[in-house]
Amino acid sequence: AAADALAATLVIRVEGVRPDQGVIYAGVCATGFDERDCPYKIRGAAAAGRVELRVRDVEPGDYAIAVFQDLNGNGRIDRPFFVPTEPYGFSNGAGRRGPPRFDAAKVSVREPTTTVVIPLR
């Protein structure tokens, strides 16, 4: 019961989604953008315009969020020559001109619900 008292719902609103192409993946990361640093992961079907992903039972705290649209269904973001070829985005719009700094992408997740909007580029 005590754990339930410290749980939040994180709503990730992904904007600029290409219509009906692939899957939207999101990682909610605690210390860095490496997959092992992201204790919460979620995915959902792509739909034109906007997709909302709800991550339940998130421990309140500071996290950075990375999102991408997997257009070809291979389960990962394609980056030939280190440049993503599939739509992606980060919380706070971090990483617009290169790899994001984790601290620049941090958002606070609080009870009962926190909503973060992330546009794809």
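The structure presented is a predicted model; accordingly, all values stated were derived computationally and were not measured.

**Student:** I'd like a description of the pairing of strand β5 (residues 61-70), backed by residues and values.
**Tutor:** Of all 10 residues in β5, 8 are buried; the element is thus mostly enclosed. Strand direction decides the pairing type here: strand β2 (residues 23-29) and β5, joined by 7 bridges, are antiparallel. In the sheet register, Ala-26 faces β5, and the bridge partner there is Val-67. Sheet analysis places β5 next to strand β7 (residues 106-109), joined by 4 bridges and oriented antiparallel. Its bridge partner being in β7, Gly-61 is matched across the sheet by Val-109. The pairing of β5 with strand β6 (residues 88-90) spans 3 bridges and is classified as antiparallel. Looking at the pairing, Val-67 lines up with Gly-89 of β6.

**Student:** Describe the packing of aromatic side chains, naming the residues involved and giving the relevant values.
**Tutor:** A complete count under the given rule lists 5 aromatic pairs for this structure. Look at Tyr-25 and Phe-68: their rings are 5.2 Å apart centre to centre, the planes differ by 10°, and that puts the pair in the stacked class. Placement of the pair is Tyr-25 in strand β2 and Phe-68 in strand β5, with a sequence separation of 43 residues. Judged by relative accessible area, which is 14%, Phe-68 ranks as buried. Ring geometry for Tyr-40 against Tyr-63: centres 5.8 Å apart, planes inclined by 80°, an arrangement best described as edge-to-face. Residue Tyr-40 is located in strand β3 (residues 40-45), and its partner Tyr-63 is located in strand β5; the two are separated by 23 residues in the primary sequence. Since its relative accessible area comes to 6%, Tyr-63 is described here as buried. Pairwise contacts between aromatic rings join Phe-33, Tyr-88, Phe-90 and Phe-102 into one cluster.

**Student:** Please provide a residue-by-residue account of the environment of Gly-22, values included.
**Tutor:** Considering the arrangement of structural elements, one finds Gly-22 in the loop between β1 (8-17) and β2. Given a relative accessible area of 35%, Gly-22 falls into the partly exposed group. Along the primary structure Gly-22 and Ala-45 are separated by 23 residues, whereas in three dimensions their C-alpha atoms are 6.6 Å apart. Contacts of Gly-22, omitting those with residues within four sequence positions, involve Ala-45, Ala-46, Asp-70 and Leu-71.

Definitions and limits used
- Residues numbered from 1 in each chain as written.
- Predicted model: local features only at pLDDT ≥ 70, side-chain atom pairs only at ≥ 80, totals over all residues.
- Heavy atoms only, no water.
- Buried < 20%, exposed > 50% of the residue type's maximum accessible area, 1.4 Å probe, protein only.
- Helix = DSSP H or I, 4+ residues; strand = E, 2+ residues; numbered from the N terminus.
- Pairing = 2+ DSSP bridges.
- Phe/Tyr/Trp six-rings, centres within 6.5 Å; stacked < 30°, edge-to-face > 60°.
- Contact = heavy atoms within 4.5 Å.

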